[in-house]
Structure formats: C-alpha cells, structure tokens
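# Remarks on the overall topology
What follows is the residue order along each chain.
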Amino acid sequence: MNTVFDSNVAGPGGDGPDAGDGGSGGGANLTVDGTGGSSDLISISGSTFTNNLAGAGGSGTGGAGAGGAGGLGGGVVVTAETASVENSIFSGNHAGDGGAGSAGGGRGGRGGAAWVVTNNVEVSTSEFDGNTSGDGGASTDGFGGGAGGGGALMFDTFGPVTVSSSSFEANRSGDGGVGAVAGSSGGRGGAVFVDNGGPGPIEVTGTSFEGNVSGDGGDSADGDAGRGGPGGAIAVFASGQPNSVSLDGLTVIGNRTGSGGTGDTAVSAFGGFGGGVYADLSEATSTLGIVDSVIADNVTGDGGSATGAGNTAWPGGWGGGVYADIGNSSAGNGDNATVTVTSSSVTGNETGGGGPGGSNGRGGHGAGLWLSGGIGSGGLVSIANTTIADNV
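Quick caveat: nothing in here was measured; it's all calculated off a predicted structure.

### A few points about the sheet that holds strand S1 (residues 3–6)
Sheet strands pair via backbone hydrogen bonds, and the direction of the pair is either parallel or antiparallel. Strand order in this open sheet of 10 strands is S1-S4-S7-S10-S13-S16-S19-S22-S25-S28, and the pairing throughout is parallel. Strand pairing shows two members of the sheet lacking a second neighbour, S1 and strand S28 (387–389), which therefore form its edges. Averaged over all adjacent pairs, the angle separating strand axes in this sheet is 5 degrees, with direction ignored. Sheet analysis places strand S7 (residues 89–91) next to strand S10 (residues 127–129), joined by 3 bridges and oriented parallel. Pairing of Ile89 across the sheet is with Glu127, part of S10.

Structure follows, in structure tokens:
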C-alpha cells in the first residue's frame, strides 16, 4: 500500500502587531541536517499527497501591523543535500496565504505541492494536479504581500535539477497582494519554479504541462500595480554562475501567465511573460535548449488597466509560447550565451493585449517565441527543423 498524506493542515500564524508566519509542510516537513554531505538523502516514493494545507499567515493588527507569511510546501517541505521523488501523486495541496496587514501584507507560501531546498534533486514518474501556492496578503496602507511561486513545485537549489516522465495539470501560483502603496507581482511558475544559484544543470524531459496558470498582479489604489507572474508552466531563474537548461520531449499546452494589476491613480503593470516557458539565465555562457517539444495554445496575460487622469497602462506579456532571456547581465557578462530550438512545434500561442487607459498599453511581443541570446559578444539564437505557425 502507498503511503498516504491526506487533508492535513499546518497551523496558522498568530494575529498581532507583528503577526506570525503560518506553519510549513501541510502533510510533512522533512529535514536532514546536512552533516553527511552527499549521503544525506530524502527519498519520497510511491506516496500520495492530497488536499494538504500549509498554514496561513496571521493578520497584522493596529495601525503599524504587518501580515505574517504563508507557510511553505502545502504537501511537503524537503530540506536535504539530495532529494528524490518518484512514482508519487500530489493533488489539491495548497501553500499558505499571506496575512493581511495595514503596514504590509504577508508573503504567500511557495510550492503548492512541495518546497524543496537541496543541492541535487530528481523528480520522476509522478503526477501533480490542482496544487496552488499562496496568495500575497492585502495591505490598506502599505505594500501588498509577495505571491508564492511554484504552483506545484518550488526548487530552491544550487545544483542539478532533473524532472522526467511526469505530468503537471491545472496547478496555479499565487496572486500578488493588493496594496495601497504598491501591489505585488503574481507568483512565478504556474507549475514549476526553479530558483538556482549554482551551475545546474536543469533538465526537464518527457514531461507534460497542461492548463497551468501563474498568478495575477495585485492592484494598487495609490501606487504601482504588480506584474502578472512569469512562466505559465515553467519559470527558471539562474544567477551567479553560468547555467544550462535542457527541455527535451515536452508537451506544453494551454498554459497561461497572470495579468497585470490595476493602478487606480499611478501606473499598472505588464502581463506575465512566457505563456508556456520563462527562462532568465543572467550569466555568460549560459545555454537554453528546447528539442522535440510541442508548445501550443499558451497565452500571456493582459497588461493592467489604468483608471483616472494621468495614469499609464502597461503592455501584455511577451513570449506567448516561450520567453527566454539568456546572458542578460549588464557590463558585458552575456558573452557567448546560447538559445536553441530544434525539431519542435510552436503553434497557436498568443500574447496578451495592452491594458486600457492612459498610454503604453501595447500588445505583447513574440506571439510564438521571444528569444534573446545575450547582450555580449558571441551570443547565438538558433531555430532549426521547427514549425512556428498560427501564433497571434
């Protein structure tokens, strides 16, 4: 019999002027202390995580109260040198929402199914359906709380990440919190968010992503609204060291990024970039390769609307199928960055419309692909043996 984690709930943060954070790991919180180096391993196999909840952040009370952060990892938190997940199902789990507070909203919890902190992680032959990361908390006088990224999986890593032969369907990252001073951006990665500070590599193979959605940006009554979250299915951020990302044999269909929020008296924000895939690898010699993949019917979010005199509306999101900015660091650090798309199909994708009101509300660029191979010398963008059709 499989190990089953069903309908468990981590505790909420306490209310108060300095509100408490919600508890993390609705189903389980698993940690190996790290003294064993690479032998420190947490392995999840043949397990089912359904309808588990991380704790909500507490509400900030009083005129200077700030909301608490939502708990991480709706299904499970994993902290180890090496981690693996195989032959498992994650369905309907939710990371905690950030608490409301007059001085500032709390951050939404990351990783609706799992939040994984590791130097080496592998996920294989597993299913992730209907998981959600936390929404940012609202603020009546301050900044809206940041949204939780990784509707299903949030990887906080410094080494290899491998996802293979798995499926991600109808997962959603959190919405940015509403704030009087500023709204927050929507959560990154409707299904998967990889935040990698090391050399990688990051490899996703033989995996399907369908109907996942990144979060909407939060509104603002008196300031800047939040952007829609990038990466309807996958969002990858890597900085500090050159990194490589390989996407091989993927099916990325019908995913969507969030829309920008509404700015009532100031400005509003872009729709989320990368309706299917978003990749931002900042360092020189970084590479992104997409091969033997189907990227279809993905949509970027609309730009936020602006109301009132003098407001500025913002554009729809760029890169309906894929948005990739590789080697984008300033001061010449983008030398020899490479983006390749080979033997793939990119069809029926769409970029969002510009927000109404004010100026600058133009439509999003790159209905099928928006690709950049760096700002330095030796950059390369290559598309070969690929069909790009009927994108709008």
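### Some details on the pattern of salt bridges
All told, the structure shown has 2 salt bridges when counted by the stated rule. For Asp175, the salt bridge identified is with Arg172, shortest N-O distance 2.7 Å. By relative accessible area, Asp175 is classed as partly exposed at 22%. What makes Arg172 partly exposed here is its relative accessible area of 26%.

### With respect to the packing of aromatic side chains
For the structure on display, the rule yields 15 aromatic pairs. Consider the rings of Phe270 and Phe273, whose centres lie 5.4 Å apart with planes at 90 degrees: the pair is edge-to-face. By relative accessible area, which is 10% here, Phe273 ends up buried. On the numbers, 6.0 Å between centres and 85 degrees between planes, the contact of Phe270 with Trp318 is edge-to-face. Note that Phe270 is positioned in the loop between strand S19 (251–253) and strand S20 (277–281) and Trp318 in the loop between strand S22 (294–296) and strand S23 (322–326), a separation of 48 residues in sequence. For the residue pair Phe270 and Trp318, the accessibility class agrees, reading buried in each case. The rings of Phe193, Phe237, Phe270, Phe273, Tyr278, Trp314, Trp318, Tyr323 and Trp370 are connected pair by pair, giving a single aromatic cluster. Cation over ring: Arg188 sits above Phe237, and NZ or CZ is 3.9 Å from the ring centre. Here Arg227 stacks its cationic end above the ring of Phe273, 5.8 Å away from the centre of that ring.

### Some remarks on the pairing of strand S24 (residues 338–342)
Two strands pair when backbone bridges link them, and strand S21 (residues 287–291) and S24 are joined in this way by 5 bridges, in the parallel orientation. Among the inter-strand pairings, Gly289 is bridged to a residue of S24, identified as Thr340. Relative to strand S27 (residues 380–384), S24 is paired through 5 bridges, and the arrangement is parallel. Each bridged residue has a counterpart across the sheet, and for Val341 the counterpart in S27 is Ile383.

### Focus on the sheet that holds strand S26 (residues 369–372)
Across the sheet, 9 strands lie side by side as S2-S5-S8-S11-S14-S17-S20-S23-S26; this open sheet has parallel pairing. Here the strands that pair on one side only, and so sit at the sheet edges, are strand S2 (28–31) and S26. In this sheet, adjacent strand axes meet at a mean angle of 5 degrees when their direction is disregarded. Sheet topology places S2 next to strand S5 (residues 76–79); 4 bridges connect them, and they run parallel. Note that in S5 the partner of Ala28 across the bridge is Val76.

### As for the side chain of Thr386
Mapped onto the elements, Thr386 comes out in the loop between S27 and S28. In terms of polar contacts, Thr386 uses its side chain to reach the backbone amide nitrogen of Ser343, at 3.3 Å.

### Describing the environment of Trp318
Taking the relative accessible area as the measure of exposure, Trp318 reaches 16% and is therefore buried. Expressed as a C-alpha distance, the spacing of Trp318 and Val116, which sit 202 residues apart in the sequence, is 29 Å. Those residues in contact with Trp318, other than ones at most four positions away along the chain, are Phe270, Gly272, Phe273, Gly274, Thr300, Tyr323, Thr351, Arg362, Gly364, His365 and Trp370.

### So, the side chain of Ser214
Mapping Ser214 onto the fold places it in the loop between strand S16 (208–210) and strand S17 (234–238). The buried category is assigned to Ser214, whose relative accessible area is 0%. Within polar-contact distance, the side chain of Ser214 engages the backbone nitrogen of Gly258 at 3.0 Å. Setting aside chain neighbours within four positions, we find Ser214 in contact with Arg172, Ser173, Gly187, Gly189, Gly190, Gly229, Pro230, Gly231, Gly232, Arg256, Thr257 and Gly258.

### Brief notes about the nonpolar core
Counting residues in each nonpolar core, the largest one holds 51 residues, and the members touching the most others are Leu153, Phe155, Phe168, Phe209 and Leu288. Setting aside its immediate chain neighbours within four residues, Leu288 contacts Val245, Leu247, Ala279, Ala324, Ile326, Thr338, Val339 and Thr340. With 12 residues, the next largest nonpolar core counts Ala235, Phe237, Tyr278 and Trp318 among its residues.

### Digging into the environment of Val117
Tracing the chain through its elements places Val117 in strand S8 (residues 114–118). Here Val117 falls in the partly exposed class, since its relative accessible area comes to 23%. Distance from Val117 to Phe155, taken between C-alpha atoms, is 6.2 Å for residues 38 residues apart in sequence. Each residue touching Val117, except ones within four places of it in the same chain, is listed here: Val78, Thr79, Ala80 and Asp156.

Definitions and limits used
- Residues numbered from 1 in each chain as written.
- Predicted model: local features only at pLDDT ≥ 70, side-chain atom pairs only at ≥ 80, totals over all residues.
- Heavy atoms only, no water.
- Pairing = 2+ DSSP bridges.
- Helix = DSSP H or I, 4+ residues; strand = E, 2+ residues; numbered from the N terminus.
- Axes fitted to C-alpha atoms, helices over the stretch in contact; angles between N-to-C directions.
- Salt bridge = Lys/Arg side-chain N within 4 Å of Asp/Glu carboxyl O.
- Buried < 20%, exposed > 50% of the residue type's maximum accessible area, 1.4 Å probe, protein only.
- Phe/Tyr/Trp six-rings, centres within 6.5 Å; stacked < 30°, edge-to-face > 60°.
- Lys NZ or Arg CZ within 6 Å of the ring centre and 35° of its normal.
- Polar contact = N/O pair within 3.5 Å; in protein donor to acceptor, adjacent residues only side chain to side chain.
- Contact = heavy atoms within 4.5 Å.
- Core = buried A, V, L, I, M, F, W, Y, C linked by side-chain atoms within 4.5 Å.

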